[in-house]
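# Coordinate analysis (summary)
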Amino acid sequence: MLVYRPHGLRAEAPRRVRHLTAGQLALPLLTLLHRSRRRRWLALPSMASHRAFARLGSLWLVALVAACGGGGGDAPAPAPAATPAPAPSPVPAGTDATCALPDFEASLIARVNQLRAAGASCGSNGNFAPAAALTWNTQLTQAATAHSLDMVTNNFFDHVGSNGSTLSSRVNATGYAWSGLGENIAAGYGTVTNVMTGWMNSPGHCANIMNPAFTQIGVACIKGTSTNRYGDYWTMDLGRPQ
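Before going into details, it helps to say that this report is about the structure given with it. This structure is a prediction, so every number in the text was calculated from the model and none was measured. (Residues numbered from 1 in each chain as written. Predicted model: local features only at pLDDT ≥ 70, side-chain atom pairs only at ≥ 80, totals over all residues. Heavy atoms only, no water.)

## Structural notes on the state of the cysteines
The following threshold applies: By disulfide we mean two sulfur atoms from cysteines, separated by a distance within 2.5 Å. The helix and strand labels rest on DSSP assignments: H or I over at least four residues marks a helix, E over at least two residues marks a strand, and numbering proceeds from the N terminus. Each residue is placed in one exposure class: buried if its accessible area under a 1.4 Å probe, protein chains only, is under 20% of its type's maximum, exposed if it is over 50%, and partly exposed if it falls in between.
Under the definition given, this model contains 2 disulfides. Two residues share a disulfide in this structure: C99 and C221, whose sulfurs sit 2.0 Å from each other. Residues C99 and C221 share a disulfide whose torsion about the S-S bond is about -75°; that sign makes it left-handed. Here the residue C99 occupies a position in the loop between strand 5 (55-62) and helix 1 (104-118), and C221 occupies one in strand 10 (residues 216-223), the gap between them amounting to 122 residues. Disulfide pairing is shown between C122 and C206; the S-S distance is 1.9 Å. Of note, the bridge from C122 to C206 carries an S-S torsion of about -65° and is left-handed in sense. Placement of the pair is C122 in the loop between strand 6 (120-121) and strand 7 (127-128) and C206 in helix 5 (residues 203-210), with a sequence separation of 84 residues. Under the relative-accessibility criterion, C206 is labelled buried at 0%. Each bonded cysteine of the protein is numbered by sequence order, and under that numbering the disulfide pairs are 1-4, 2-3.

All we've got here are geometric facts, nothing functional implied.
Right, dumping it as structure tokens:
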């Protein structure tokens, strides 16, 4: 089934959809609260829709800059410290994160940068002018690999890991110091061409790929097993370092 879960400044309008597991009709699933590095919170709406045989999902995060001005009155009580999201489980050495596809990294980075160089219309997320090329980053690839492997091992499809890990906690675990992050996930696409076409045909995923704020990328694909619902699980992590 095809699932769109864009998080961002211009999310798609909610529609009635079939729930991921129970099969009943449901409205938008959740609002993600992401705690920024400056102790501010960003609320990002999550929405979904379904079709058959494959899935997509996207996520966008930004570190907000906090500012405060002068004024009288009592200072508010400090907010309690948030519990950090857990880190993902380590990726075993020798894990194939390419789904055994030839020229995986070269094919992906070439296609992404070809699209960015041309500019694109991302539907309800607007038109994007040509953007600078992205460079491949091993830390973002490590975070993407951990999440795709988690989805295969625990047979699920979501931006939140089986142990509660989030995009930011997975990237933080690699030591990548970021000022902005984005994530696209997909399952059941089989080839680089198919997954890129699927992402570009979805406004939220397209906007992540075309976002000029991102400068680096890492992508992983882990093959599913006979017990998984899909034959392959993809994660694309995009970032801008500090």
